[in-house]
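Observations on chain architecture
Here are the chains, one letter per residue:
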Amino acid sequence: MSSIIQLLPDHVANQIAAGEVVQRPASVVKELLENAVDAGATDIKLIIKDAGKSLVQVIDNGKGMSVTDSRLCFERHATSKIRQAEDLFSLHTKGFRGEALASIAAIAHVEMKTKQEQDELGTHIIIEGSKFVSQEPSVLPKGTSFAVKNLFFNIPARRNFLKSETVEFRHIVDEFQRVALAHPNIYFTMYHNGSEMFNLPNSNFRQRIVNIFSGKTNEKLVPIQEETEIVTIEGFVGKPEFAKKNRGEQFFFVNDRFIKSGYLHHAVMAAYEGLLPNGSQPTYFIYLNVPPNTIDINIHPTKTEIKFDDEHALYAILRSTIKHSLGQFNVAPVLDFDRDPNLDTPYQYQNKTAEYPTIQVDSTFNPFANESSDSELTKQNKQFSGSSSSYKKQEVAGSNWESLYVGLKNDTSEVETFSFESEEVTASLFDEKEEEQTVNRTYQIHKKYIVSPIKSGMVIMDQGRAHQRILYEQFLTNMTVQQASSQQLLFPLQMYFSNNELKLIAELQPSLENTGFVFEAFDSDSVHISGIPVNTTESEISMVLEQLLSDLQDGIPDSSFSQNDTIAKSMAKSLAVKTGTYLTEKEQESLVNNLFACKEPNVSPFQKPTFITMRVEDIDKRFAL
């Protein structure tokens, strides 16, 4: 039998590897930004067109590459980051596998310009689908410029599986923010379709967070800091009152590398135990520095998962550090009734020494120099006190209380002597009509289900799903017919959002106004709302918009009707009656009647059954012997 195993050509192997490294345009952004950081750049520009489908370009002022390196960097497993396997345990760079550029070049048109500082000329290389089109010297500034065009041009199936531009752009922004937050000492700028999205000058960690997530973020942050032999922790956590429903602003960085860790997230949640409402997520930006030989990064191609040597100790240290900071800054409640908060020592003043106050003495002061003026003042005081005595209240004549009743006639008489005309009893207009007895037609079970009898048996309804269907059809009708009513607020509600969220709200403003929202003004980091949908309370608006933004960013379709459908679903899910809510008889009856008045009462907006029916025959079978 002939041999059937053969080595794959390099361009085929690169396309296969690209499936792990390059999943979407955001993957290209991540790899190119990390290469720019590893090159020692202090100024990095990211240029995006059509959410990365047409162009992803990263320009840096790093050390650049020589002519040989510029050609070799596109080969598989060619890297300058490591030399041997032992180097994996002392990594100080972002990349180390040497697969990213080869994978990107296999599925896109790549144009690279690079030059080292000591060279007179740089190198200009053009690659299309792993094929070198041209390589020539060129006059270039110091650094490297990577332009990736027409991503997945030779894999149309992968290109068709990309989501809408809004979703893909959100993933790009996420990757950009992760790199920018990890390196506040680098100047980052980002452009999308010719407009500037971010301009982040080099600063400290706190200022970088504020520059990315609007100025309102500054008052939410509580600093944390701890240094041990195992780990050095610094960063910021959010105050409990600013917790959100989604997990958007949660970042872990280990040795300046963004990671995802459910175990460490659980440690943060444990520190907030008893401080957060149910279902809320805290904000945190936590930077961990550990010895490189105690972690393993080479687990996943995206390098966002890390294996720690001593996870249990790290869990305990992180949890206690956050609890300590929340207690130090009086964020967590303290049950000490004898404590005077005015005597607390601020956190930053604990190790400072006391300073003696300086006393200034006027050596020329003579207490007997103004004796005459003092005597005149004394006379004036006596004169004033004498004049004030004339304002003494005069006693009211006849202070005896009995004098108040002198002169009143004594004409009281017995009540029994009066006679009243007896009123003739007349029949009421409504006596003949019997009062209609109300019969309890619905019952609530476990504050979750509503049971209503029907001719054939009974209907058991899920109150949450039923209310979702009712609200969904109401909102959808309002948005399509454009006759939504709004309740005006006495004082406009000001809500703070990040730059991306504000732009998304501005794009969806017509659809939101059709549901009942009235937007008064848009600021750089907030929006003023003067009207809200009917049957919505002011306290629910924050929850509704946060949930709406989260749902829309996860996947907003291109068509306007589908966009309205997504908005209606999100708002119905946020405002629907939750499990555990007690409903009165009137509310139960209204819910049942409104559900069966819907066009599709059988399923919720998320295609789950809203009610089931049980016939009398089915119940009889249960009792059959």
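Below is a summary of the structure that appears in this document. Within each chain, residues carry numbers counting from 1 in the order of the written sequence. The model is predicted, so local features are restricted to residues of pLDDT at least 70 and side-chain atom pairs to those at 80 or more, both for listing and for counting; the totals for chains, interfaces and linings are taken over all residues. With hydrogens and water set aside, each side-chain value is computed from the structure's full complement of heavy atoms.

Notes on unusual backbone geometry
Notably, Asp-50 is not glycine yet its phi reads approximately 55°, a positive angle. Assessed through its relative accessible area of 29%, Asp-50 is described here as partly exposed. Even without glycine at this site, Asn-255 takes up a positive phi of about 50°. Helix numbers and strand numbers start at the N terminus; a helix is a DSSP run of H or I with at least 4 residues, a strand a run of E with at least 2. Looking at the element boundaries, Asn-255 is found in the loop between strand S11 (250–254) and strand S12 (257–259). Exposure is judged per residue with a 1.4 Å probe applied to protein chains only, and the accessible area is read against the type maximum: over 50% gives exposed, under 20% gives buried, and values in between give partly exposed.

As for the packing of helix H6 (residues 165–182) against helix H7 (residues 205–212)
Helix axes are fitted only over the stretch in contact, all axes being lines through C-alpha atoms; the angle between N-to-C directions runs from 0 to 180 degrees. Remark: H6 packs on H7, axes separated minimally by 9 Å, with the N-to-C direction vectors making an angle of 160°. Here H7 runs roughly antiparallel to H6, going by the angle between their axes. Pair H6 / H7 crosses with right-handed handedness. Residues Gln-177, Ala-180, Leu-181 and Ala-182 of H6 lie in contact with H7, whose contacting residues are Phe-205, Arg-208, Ile-209 and Ile-212. Here the contact of H6 with H7 is built from residues that sort into six nonpolar, one polar and one charged. Every angle not falling under 35 degrees, over 145, or within 65 to 115 is termed oblique; those three ranges are roughly parallel, roughly antiparallel and roughly perpendicular. Whether a crossing is left-handed or right-handed is set by the direction in which the near helix is turned from the far one by less than a right angle, anticlockwise for left-handed and clockwise for right-handed. Working rule for contacts: check all heavy atoms of both residues, and any pair within 4.5 Å makes them a contact. Any residue outside Ala, Val, Leu, Ile, Met, Phe, Trp, Tyr, Cys, Pro, Asp, Glu, Lys and Arg is labelled polar, Gly included; the first ten of those are nonpolar and the last four are charged.

A closer look at the nonpolar core
Of all hydrophobic cores here, the largest spans 58 residues; its most connected members are Phe-188 and Met-190. Among the elements that make up this core, the one with the highest residue count is H6 (eight residues). Setting aside chain neighbours within four positions, we find Met-190 in contact with Leu-46, Ile-48, Phe-169, Ile-172, Val-173, Phe-176, Ser-195, Glu-196, Met-197 and Phe-198. Throughout, nonpolar core names a set of buried Ala, Val, Leu, Ile, Met, Phe, Trp, Tyr and Cys residues whose side chains join them through atoms within 4.5 Å. By size, the runner-up hydrophobic cluster in this structure holds 30 residues, among which are Tyr-472, Leu-476, Ile-505 and Met-571.

Overview of the sheet that holds strand S20 (residues 518–522)
Pairing is antiparallel across the open sheet formed by three strands, whose spatial order is S19-S21-S20. Taken across any chain shown, the strands that pair with only one partner, and hence form the sheet edges, are strand S19 (486–496) and S20. In this sheet, neighbouring strand axes are inclined to one another by 15° on average, regardless of whether the strands run parallel or antiparallel. Paired strands are those between which DSSP finds at least two bridges. Pairing geometry for S20 and strand S21 (residues 526–533), over four bridges, is antiparallel. Paired with Val-518 across the strands is Gly-531, a residue of S21. Together, S20 and S21 form the strand contacts of helix H12 (residues 499–507), whose direction differs from that of S20 by roughly 135°.

Section: the packing of aromatic side chains
Any two of the Phe, Tyr and Trp rings considered here, Trp counted by its six-membered ring, make a pair once their centres fall within 6.5 Å; the pair's planes then place it as stacked at under 30 degrees, edge-to-face at over 60, or tilted in between. What the rule picks out here adds up to 17 aromatic pairs. Aromatic side chains Phe-253 and Phe-258 sit 6.0 Å apart centroid to centroid with 65° between the ring planes, which places their arrangement in the edge-to-face category. This pair shows no difference in class: Phe-253 is buried, exactly as Phe-258 is. Geometrically, the ring pair formed by Tyr-263 and Tyr-315 is tilted, given 5.1 Å between the ring centres and 45° between the ring planes. Linking Tyr-263 in helix H8 (residues 262–271) with Tyr-315 in helix H9 (residues 311–328), this pair joins segments that are 52 residues apart in sequence. Owing to a relative accessible area of 29%, Tyr-263 belongs among the partly exposed residues under this scheme. By way of ring pairs, the aromatic residues Phe-205, Phe-213, Phe-251, Phe-253, Phe-258, Phe-285 and Tyr-287 are connected into one cluster. Its end group placed over the ring of Phe-132, Arg-71 keeps NZ or CZ at 3.7 Å from the ring centre. Working rule: Lys NZ or Arg CZ, within 6 Å of ring centre, within 35 degrees of ring normal, means a charge sits over the ring.

Quick look at the pattern of salt bridges
Between Lys or Arg on one side and Asp or Glu on the other, a salt bridge is scored when a side-chain nitrogen of the former is within 4 Å of a carboxyl oxygen of the latter. Evaluated as defined, the whole model comprises ten salt bridges. Close ionic contact of Asp-174 with Arg-170 constitutes a salt bridge, the shortest N to O distance being 3.5 Å. With Asp-174 and Arg-170 both in helix H6 and four residues apart, the pair spans about one turn of that helix. Residue classification places Asp-174 among the partly exposed positions, given a relative accessible area of 22%. What emerges from the salt-bridge pattern is a single network uniting Arg-469, Glu-473 and Glu-600.

Concerning the environment of Lys-49
Positionally, Lys-49 belongs in strand S1 (residues 43–49). Between the C-alpha atoms of Lys-49 and Phe-169, which are 120 residues apart in sequence, the distance is 9.6 Å. Discounting residues that sit within four places of it in the chain, Lys-49 has contacts with Ser-54, Leu-55, His-192 and Asn-193.

Description of the sheet that holds strand S16 (residues 443–445)
Sheet strands line up and pair through hydrogen bonds in the backbone, either parallel or antiparallel. Pairing is antiparallel across the open sheet formed by four strands, whose spatial order is S16-S17-S18-S22. Each having just a single partner strand, S16 and strand S22 (611–615) make up the two edges of the open sheet. Neighbouring strand axes in the sheet, compared pairwise and without regard to direction, differ in orientation by 25° on average. Relative to S22, strand S18 (residues 457–462) runs antiparallel, the two being bridged by five bridges. Directly across from Ile-460, in S22, lies its bridge partner Ile-612. Contacts from helix H11 (residues 463–481) reach S16, strand S17 (449–453) and S18 within the one sheet, and its direction differs from that of S18 by about 75°.

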